[in-house]
Amino acid sequence: MMFDDLHNPDHRRSSESERRRGARFDDQSRVLSDREVPLGQRDGMAPALHGWLDGELPEAAVRKGDLARHAEMWRRINREASQLRHLRTPNGVEDRIMAAVPQTVPQAITPWYQREFVVTPAVAVSAGTVLVAVGASLATLVVTLVR
């Protein structure tokens, strides 16, 4: 799997990263941005962090070491999600949406069985080939049954 660091502050690749194109970067040393979700966690979430998110452990359980960084990310996600839950749609938006919805059920101009049937040359050749193959198979079957 190839991983390009698009957020490299010096905008150039080191010779080591050129040699190790498929190598993964050390996730522990990299700072996560606001919109970035950490990928590549093979072991899953730490049990202490999972317990804190579920409300089973106090916040003090995740304030130390590497868990503090993950806890801060989840705090930020929860804060932004709660702000988004409290947003209200502006007053005229619902009226504009409902005005744009047609009042009657859309109808096809003509039923499917009365529409024009167009056969392209490729379809005609394919259909002819299939008919010849089916005819030859039936003829072979009849000949073997009659014998």
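Residues numbered from 1 in each chain as written. Predicted model: local features only at pLDDT ≥ 70, side-chain atom pairs only at ≥ 80, totals over all residues. Heavy atoms only, no water.

A. Quick peek at the overall build of the protein chain. Looking only at helices and strands, one finds 5 helices and 0 strands in the protein chain. Counting from the amino terminus, helix and strand elements in the protein chain follow one another as α-α-α-α-α. Of the roughly 13200 Å² of accessible surface on the protein chain, a fraction of 60% belongs to carbon and sulfur atoms. (Helix = DSSP H or I, 4+ residues; strand = E, 2+ residues; numbered from the N terminus. Areas by Shrake-Rupley, 256 points an atom, 1.4 Å probe, with all protein chains shown as cover.)

B. Spotlight on the nonpolar core. Among the nonpolar cores identified, the biggest contains 5 residues, and these are Leu49, Trp52, Val62, Leu67 and Ala71. Within the residue set of this core, elements represented by two or more residues are helix 2 (47-53) and helix 3 (67-85). Look past the residues within four positions of Leu49 in its chain and what remains in contact with it is Val62, Leu67, His70, Ala71 and Trp74. (Core = buried A, V, L, I, M, F, W, Y, C linked by side-chain atoms within 4.5 Å. Buried < 20%, exposed > 50% of the residue type's maximum accessible area, 1.4 Å probe, protein only. Contact = heavy atoms within 4.5 Å.)

C. Representation of the packing of aromatic side chains. Taken as a whole, this structure holds 1 aromatic pair when the rule is applied. A ring pair is formed by Trp112 and Tyr113, whose centres lie 5.7 Å apart and whose planes are at 90 degrees; its orientation type is edge-to-face. The residues Trp112 and Tyr113 share a single accessibility class, namely exposed. (Phe/Tyr/Trp six-rings, centres within 6.5 Å; stacked < 30°, edge-to-face > 60°.)

D. Main features of a nonpolar patch on the surface. Taken together, Val130, Val134, Leu138, Leu141 and Leu145 make up a surface patch of nonpolar side chains, about 490 Å² in accessible area. Position of Leu145 among the secondary structure elements: in helix 5 (residues 121-146). (Patch = residues over 30% accessible without salt bridge, like charges linked within 9 Å, V, L, I, M, F, W, Y side chains within 5 Å. Salt bridge = Lys/Arg side-chain N within 4 Å of Asp/Glu carboxyl O.)

E. Main features of the environment of Asp66. Tracing the chain through its elements places Asp66 in the loop between helix 2 and helix 3. For Asp66, a relative accessible area of 37% puts it in the partly exposed group. Put simply, Asp66 and Ala46 are 20 residues apart on the chain and 10.0 Å apart in space, counted from C-alpha to C-alpha.

F. Examining the environment of Ala48 more closely. Within the secondary structure, Ala48 is located in helix 2. Distance from Ala48 to Glu59, taken between C-alpha atoms, is 9.7 Å for residues 11 residues apart in sequence. When near neighbours in sequence (up to four residues on either side) are disregarded, Ala48 contacts Leu57, Ala61, Val62 and Leu67.

G. The pattern of salt bridges, seen in detail. If you walk through the whole model with that rule in mind, you get 3 salt bridges. Linking Glu59 and Arg63 is a salt bridge whose minimum nitrogen-to-oxygen distance equals 4.0 Å. The shortest N-O distance in the salt bridge between Arg75 and Glu72 comes to 2.9 Å. Placement of both Arg75 and Glu72 in helix 3 is noted, with a separation of 3 residues, approximately one turn of the helix. Overall, Arg75 belongs to the partly exposed group, its relative accessible area being 25%.

H. Looking closely at helix 3. An ideal rise of 1.5 Å per residue puts 27 Å on 19 residues; helix 3 measures up with 27 Å between its terminal C-alpha atoms. Taken together, the buried positions of helix 3 are Leu67, His70, Ala71 and Met73. Projection of helix 3 onto a plane perpendicular to its axis shows the buried side chains occupying an angular sector of 160 degrees, all on one side. Looking at the packing, one finds that the buried side of helix 3 touches helix 2. (Expected span 1.5 Å × (residues − 1). Arc of directions from axis to C-beta.)

I. Fine view of the confidence of the model for the protein chain. Summing up the model confidence of the protein chain, the mean pLDDT is 78 and the portion of residues at 70 or higher is 71%. Per-element confidence in the protein chain ranges from a low mean pLDDT of 50 for helix 1 (residues 15-19) to a high of 95 for helix 5. (pLDDT = per-residue confidence, 0-100.)

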